[in-house]
Amino acid sequence: MVRRRIEPLLNVFAAVVATLCVLLVRPACAAEALETHLTVTGRSTIFELTMSEGVTAQVFTLANPYRVVIDLPDLAFRLDPAAGQKGAGLVSAFRYGLFAAHKSRIVIDTRGPVKIHSANMLRLKGSSAVKLAIQLMPTDSASFGAGTGAGTREAAFEPDADNEPPGNAEEEHKTHARPVVVIDPGHGGIDPGAIGANSVNEKTIVLAIALQLRDVLQKTGLYDVKMTRSQDVFVSLDNRLKFSRKNGADLFISLHADSIEEKVASNVRGATIYTLSSKASDRQAQIMAEKENASDLLAGIENIDEGSDDQVKSILIDLMKRETSNFSADFSQVLVKRLGKSIAMSRVPRRSAAFKVLKQTDAPSVLVELGYISNRADEEQMLTSEWQSKVASAIAGAVQIYFNKRTAARP
Ligand SMILES: [Zn+2]
């Protein structure tokens, strides 16, 4: 009863304070927490917090009981009083408040061990407000203890990278406001890749398509697009991986075109999407991986062997355990559908093998073989800008579907 009478006064007070903040002492005034939202998508649960302005947040997990903690600067909480009482998905409840001087905290209770799959802060269109989105995935208690256990800081990030001086490379992952898409045109420079029926090089075709894809993606304004090469230059497989990691790729797309012996070339057509696996899905995938992995050797780079086959396998198995491989599979599925509407796909359009360039620990990645340049008709078609833009639009469409799925629906 009393509260109800006080509320209008509080609102007036808040408005006065807010005005003073804007006019006088803005930096000293707290950002406001305006709204929270829980979204369940597949196995993951996304916690979202809308705030009046960008802040720095730190997110980590705790055990006994399992919790996710978000540390924020002094926030004025203007949330629905019922916020946090009802959970959803992996979240049973959450609470919030001032934790220490100039430090606010949100504690999310989870139904079991979880890992912080991603933490992003996006500026809302046409406003200074931002949305913090934290995607949680279930994990088992053993991996929780090993990886994201008690006290481990999972993510710290600045809300608006554009206004910040460039951070150091190590921290760059998960610090970006827009998803980073790395486009990787295969081969280049000294390494021509496959050579087509009309002597056109794979490196030329894939670069042309990559440049178109970059333009289409950049036009959406939704992604930060990076290219491992944007001209006819050799880049080692290792440096492609390093580039991806340094830029904090959220998605890595390697573009290639295939060639096979002339006697079978005339009746083999279509595109194939490859993802990483320790064991090739079939003989063709095996041969393809060997061919693509030989790029460095072709360029005269010493093969720094990762060790015995067994060691390579265990590295791969380690990578495969991570969530990354699920997202690679998700993207490959979307891409097959989307690309299939525009161009011919091979008989088995989704395959997997141990491609070096796909050995990424953080970025979901695929390698696209766009078609066979050993087939004269296909090669001619692939050289037309019409075909190239059709492919670029199809891949860009798949990228959008993929990221739409991964981020919660926006109001
Ligand atoms: Zn290739």
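Residues numbered from 1 in each chain as written. Predicted model: local features only at pLDDT ≥ 70, side-chain atom pairs only at ≥ 80, totals over all residues.

## Notes on the overall build of the protein
Step number 1: A tally of regular secondary structure across the protein gives 11 helices and 16 strands.
Step number 2: When contacts within the protein are restricted to residue pairs at least 6 apart in sequence, those whose partners lie at least 24 apart make up 75%. (Helix = DSSP H or I, 4+ residues; strand = E, 2+ residues; numbered from the N terminus. Contact = placed C-beta atoms within 7 Å.)

## Details of the sheet that holds strand 8 (residues 114-123)
Step number 1: Strand order in the open sheet formed by 5 strands is 5-1-2-9-8, and the pairing between neighbours is mixed. On the outer flanks of this sheet lie strand 5 (75-77) and strand 8, each paired with one strand and no other. Put simply, the sheet's adjacent strands are angled 30° from each other on average, direction ignored.
Step number 2: Pairing between strand 1 (residues 31-41) and strand 5: 3 bridges, direction parallel. By the bridge assignment, A33 is partnered in strand 5 with F77. (Pairing = 2+ DSSP bridges. Axes fitted to C-alpha atoms, helices over the stretch in contact; angles between N-to-C directions.)

## Focus on the packing of helix 3 (residues 202-220) against helix 11 (residues 385-406)
Step number 1: At their nearest, the axes of helix 3 and helix 11 sit 8 Å apart, and the two run at 45° to each other. Overall, the two elements helix 3 and helix 11 adopt an arrangement that is oblique. For the pair helix 3 and helix 11, the sense of crossing is right-handed. Facing A208, I209, Q212, L213, V216, L217 and T220 of helix 3, the residues of helix 11 in contact are Q388, S389, V391, A392, S393, I395, A396, V399 and Q400. (Parallel < 35°, antiparallel > 145°, perpendicular 65-115°, else oblique. Left-handed = near helix turned anticlockwise from the far one by under 90°.)

## Brief notes about the nonpolar core
Step number 1: Judged by nonpolar contacts, the single largest core of 55 residues is most densely connected at V181, I209, L251, I253, F355 and I395.
Step number 2: When residues of this core are assigned to their parent elements, the largest contribution, 9 residues, is made by helix 11.
Step number 3: What I209 contacts, discounting residues up to four positions off in sequence, is L255, L370, Q388, V391 and A392. (Core = buried A, V, L, I, M, F, W, Y, C linked by C-beta atoms within 7 Å. Buried ≥ 20, exposed ≤ 12 C-beta atoms within 10 Å, placed from the backbone.)

## Re the sheet that holds strand 11 (residues 180-185)
Step number 1: Taken together, 6 strands build an open sheet; the order of strands is 12-11-13-16-14-15 and the sheet is mixed. Of all the strands in the sheet, the pair left with one neighbour each is strand 12 (224-227) and strand 15 (345-353). Each strand axis lies, on average, 20° off the axis of its neighbour in the sheet, ignoring direction.
Step number 2: One ladder, built from 4 bridges, connects strand 11 with strand 12; its direction is parallel.

## Some words on the environment of R338
Step number 1: Turning to its location among the elements, R338 is positioned in helix 9 (residues 323-340).
Step number 2: The class of R338 is partly exposed, set by 19 C-beta atoms lying within 10 Å.
Step number 3: Each C-alpha atom, one on R338 and one on A398, is 6.0 Å from the other, the two residues being 60 residues apart in sequence.
Step number 4: In this view, R338 contacts A394, G397, A398 and I401; residues no more than four positions away in its chain are not counted.

## Brief notes about helix 4 (residues 237-246)
Step number 1: Among the residues of helix 4, those classed as buried are L237, R240, L241 and S244. Down the axis of helix 4, the smallest arc covering the buried residues is 100°, so these residues share one side. (Arc of directions from axis to C-beta.)

## Description of unusual backbone geometry
Step number 1: In this model, H187 sits at a positive phi of 60°, which is unusual for a non-glycine residue.
Step number 2: Within the secondary structure, H187 is located in the loop between strand 11 and helix 3.
Step number 3: A tally of 26 C-beta atoms within 10 Å means that H187 is categorised as buried.

## Re the pairing of strand 16 (residues 365-372)
Look at any regular strand and the pattern is simple: side chains alternate between the two faces of the sheet.
Step number 1: With respect to burial, strand 16 is a largely interior element, 8 of its 8 residues being buried.
Step number 2: Bridge count for strand 13 (residues 251-258) against strand 16 is 6 bridges, and the pairing is parallel. Bridge pairing in strand 16 links D258 to Y372.
Step number 3: Where strand 14 (residues 271-276) meets strand 16, 3 bridges bridge the pair, whose relative direction is antiparallel. Note on strand 16: the bridge partner recorded for Y274 is L367.

## Looking at helix 11
Step number 1: Between its first and last C-alpha atoms helix 11 spans 31 Å; for 22 residues at 1.5 Å apiece the expected length is 32 Å, and the two agree.
Step number 2: Among the residues making up helix 11, those that are buried are W387, Q388, V391, A392, A394, I395, A396, A398, V399, Y402 and R406. (Expected span 1.5 Å × (residues − 1).)

## Focus: the pairing of strand 8
Step number 1: Buried residues dominate strand 8, accounting for 9 of its 10 residues.
Step number 2: Bridge count between strand 8 and strand 9 (residues 130-138): 9 bridges; the pairing is antiparallel. Paired with S118 across the bridge in strand 9 is Q135.
Step number 3: Count of turn residues in the strand 8/strand 9 antiparallel hairpin: 6 residues, of which G126 carries a positive phi of about 65°.

## A few points about the environment of A329
Step number 1: With respect to the helices, strands and loops of the structure, A329 is situated in helix 9.
Step number 2: Sequence separation between A329 and L276 is 53 residues, and the spatial gap between their C-alpha atoms is 9.1 Å.

## Observations concerning the confidence of the model for the protein
Step number 1: Averaged over every residue, the pLDDT of the protein is 78; residues scoring 70 or more account for 75%.
Step number 2: Confidence, expressed as mean pLDDT per element, reaches its minimum in the protein at strand 10 (residues 153-157) with 40 and its maximum at strand 11 with 97.
Step number 3: In this model residues 1-28 is a low-confidence stretch, pLDDT under 50, and it forms 3 contacts with partners more than four residues away in sequence or in other chains.
Step number 4: Note on residues 303-308: pLDDT under 50 across the span, and 6 contacts to partners over four residues away in sequence or across chains. (pLDDT = per-residue confidence, 0-100.)

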